[in-house]
Amino acid sequence: ILMAEKSKVASPPTGLFSGRAVFQQETLSLQISRVSTADSGVYRAEFEDTSGAVTVLCFRVSVWGE
């Protein structure tokens, strides 16, 4: 949904999260506002270090009620 580089401002999220997601570069966190059950699912984050090695992390988000 977005791409961020250490020395640059993160691009604004697109698609379903446009206007609802804010990336906090200092803490590497993503805040999604106005969540609904449709936002539940598996999310993926890819981190590339200076050598080009990529670390992939997946995590499940569950939203109950609305």
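Residues numbered from 1 in each chain as written. Predicted model: local features only at pLDDT ≥ 70, side-chain atom pairs only at ≥ 80, totals over all residues. Heavy atoms only, no water.

Chemist: Lay out a nonpolar patch on the surface in plain terms, naming residues and giving numbers.
Modeler: Together, L28, F47 and L57 line one region of the surface with nonpolar side chains, adding up to about 280 Å² of accessible area. Residue placement: L57 occurs in strand β4 (residues 54-61). (Patch = residues over 30% accessible without salt bridge, like charges linked within 9 Å, V, L, I, M, F, W, Y side chains within 5 Å. Areas by Shrake-Rupley, 256 points an atom, 1.4 Å probe, with all protein chains shown as cover. Salt bridge = Lys/Arg side-chain N within 4 Å of Asp/Glu carboxyl O. Helix = DSSP H or I, 4+ residues; strand = E, 2+ residues; numbered from the N terminus.)

Chemist: Quick rundown of the pairing of strand β3 (residues 41-48)? Include the residues and the values.
Modeler: Here 8 bridges tie β3 to β4, and the two strands are oriented antiparallel to one another. The residue bridging F47 from the neighbouring strand is T55, located in β4. What sits between the antiparallel neighbours β3 and β4 is a turn of 5 residues, in which G52 has the positive phi angle 95 degrees. (Pairing = 2+ DSSP bridges.)

Chemist: Explain the environment of A4 to me, and be specific about the residues and the numbers.
Modeler: Structurally, A4 can be placed in the segment before β1 (21-24). A4 sits in the partly exposed class, given a relative accessible area of 33%. For A4 and Q24, which are 20 residues apart along the polypeptide, the C-alpha to C-alpha distance reads 9.9 Å. Look past the residues within four positions of A4 in its chain and what remains in contact with it is A10 and F23. (Buried < 20%, exposed > 50% of the residue type's maximum accessible area, 1.4 Å probe, protein only. Contact = heavy atoms within 4.5 Å.)

Chemist: Explain the environment of V22 residue by residue, including any values.
Modeler: Relative to the elements of secondary structure, V22 occurs in strand β1. V22 sits in the partly exposed class, given a relative accessible area of 43%. Here the alpha-carbon distance between V22 and A10, two residues 12 residues apart in the chain, equals 9.1 Å. In contact with V22, other than residues within four places in its own chain, are S29, L30 and Q31.

Chemist: Residue-level account of the side chain of D39, with values.
Modeler: By the element assignment, D39 lies in the loop between β2 (29-32) and β3. With relative accessibility at 7%, the residue D39 sits in the buried group. Side chain to side chain, D39 and R20 meet in a polar contact 2.8 Å long. In this structure, D39 is in contact with F17, R20, R34, V61 and V63, ignoring residues within four places of it in sequence. (Polar contact = N/O pair within 3.5 Å; in protein donor to acceptor, adjacent residues only side chain to side chain.)

As far as function goes, none of this settles anything; it's purely spatial.
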